[in-house]
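The primary structure of each chain is shown beneath.
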Amino acid sequence: MTEKTFKTLDDFLGTHFIYTYDNGWEYEWYAKNDHTVDYRIHGGMVAGRWVKDQEANIVMLTQGIYKISWTEPTGTDVALDFMPNEKKLHGTIFFPKWVEEHPEITVKFQNDFIPLMEESREKYETYPKLVVPEFANITYIGEAGQNNDDVINQAPYEGMTDDIRNGKYYDADYKMNKK
Ligand SMILES: C=Cc1ccc(O)cc1
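Residues numbered from 1 in each chain as written. Predicted model: local features only at pLDDT ≥ 70, side-chain atom pairs only at ≥ 80, totals over all residues. Heavy atoms only, no water.

**A word on the pairing of strand β2 (residues 26-33)**
Summarising burial for β2: eight of the eight residues are buried, a large majority. Bridge count for strand β1 (residues 15-21) against β2 is five bridges, and the pairing is antiparallel. What sits directly across from Phe17, in β2, is Trp29. Pairing of β2 with strand β3 (residues 36-41), which is carried by six bridges, proceeds in the antiparallel orientation. Considered in β3, the bridge of Glu28 is made with Arg40. Taking the residues between adjacent antiparallel strands as the criterion, β2 and β3 are bridged by two residues. (Buried < 20%, exposed > 50% of the residue type's maximum accessible area, 1.4 Å probe, protein only. Helix = DSSP H or I, 4+ residues; strand = E, 2+ residues; numbered from the N terminus. Pairing = 2+ DSSP bridges.)

Have a look at this one:
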């Protein structure tokens, strides 16, 4: 876990986080570059889902505090406020009704199923949305560097976040250790 102090937007870009929301949902998220994020979901309503190259808006609100927002092919909207120096964030997820009713449709590597997400958001109900606003505790911070495709590179498995936290998953260059 890096102990660096976050001051600039550049300090944040290329950083890889694992965190647990107060409702128990565990997420892994990577600021891939100034307009792109990758993530994996380890616990909660859509555990098992993973996504690469989601376009997002990423800004620094004030020194060391970052806001990220995006809208997904499922129709889910997300707004995250990272306070990495405090090892905390606040996230709000706005789920369309169909994701709450059929979460299993979204639990996959989304990049291979974009047409299915777009069809499902038309076929099923959008409203009322499920709004999930939660604080989270950051349990891991890694300096992966920008545009590193080894950070989020396979489906989540049981014990993966422990492997990452214990230093087993990535080598010194932040490439995945071959099993
Ligand atoms: C729905 C995606 C999503 C990704 C990261 C996070 O913290 C919350 C939601």
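What follows picks up the thread again.
**A short note on the nonpolar core**
One recurring pattern in soluble globular proteins: nonpolar side chains tend to sit buried together. Counting 34 residues, the largest nonpolar core has Tyr19, Trp29, Ile68 and Phe82 as its most contacted members. Contributions of two or more residues to this core are made by β1, β2, β3, β6 (65-71), β7 (77-83), β8 (88-95), α2 (97-101) and β9 (130-143). The residues contacting Phe82, other than those within four sequence positions of it, are Phe12, Phe17, Tyr19, Trp29, Gly64, Ile65, Tyr66, Ile68, Lys88, Leu89 and Ile138. If you look at the next biggest cluster of nonpolar residues, it comprises 14 residues, including Tyr30, Trp50, Met160 and Ile164. (Core = buried A, V, L, I, M, F, W, Y, C linked by side-chain atoms within 4.5 Å. Contact = heavy atoms within 4.5 Å.)

**Some words on the sheet that holds β7**
Within the open sheet, the nine strands sit side by side as β4-β3-β2-β1-β9-β8-β7-β6-β5. Their pairing is antiparallel. Edge positions in the sheet fall to β4 (50-55) and β5 (57-62), since each of these pairs with one other strand and no more. Strand-to-strand, the axes of this sheet are offset by a mean angle of 25°, without reference to chain direction. (Axes fitted to C-alpha atoms, helices over the stretch in contact; angles between N-to-C directions.)

**Things to note about unusual backbone geometry**
Cis geometry is adopted by the peptide bond preceding Pro128, which originates at Tyr127 and carries an omega value of -5°. Turning to its location among the elements, Pro128 is positioned in the loop between α3 (114-123) and β9. One non-glycine residue, Lys87, lies in the positive phi region at around 60°. Along the chain, Lys87 falls in the loop between β7 and β8. Residues other than glycine seldom take positive phi values, yet Asn147 does so here, at roughly 55°. Assignment of secondary structure puts Asn147 in the loop between β9 and α4 (160-165). Taking relative accessible area as the criterion, Asn147 reaches 47% and is therefore assigned partly exposed.

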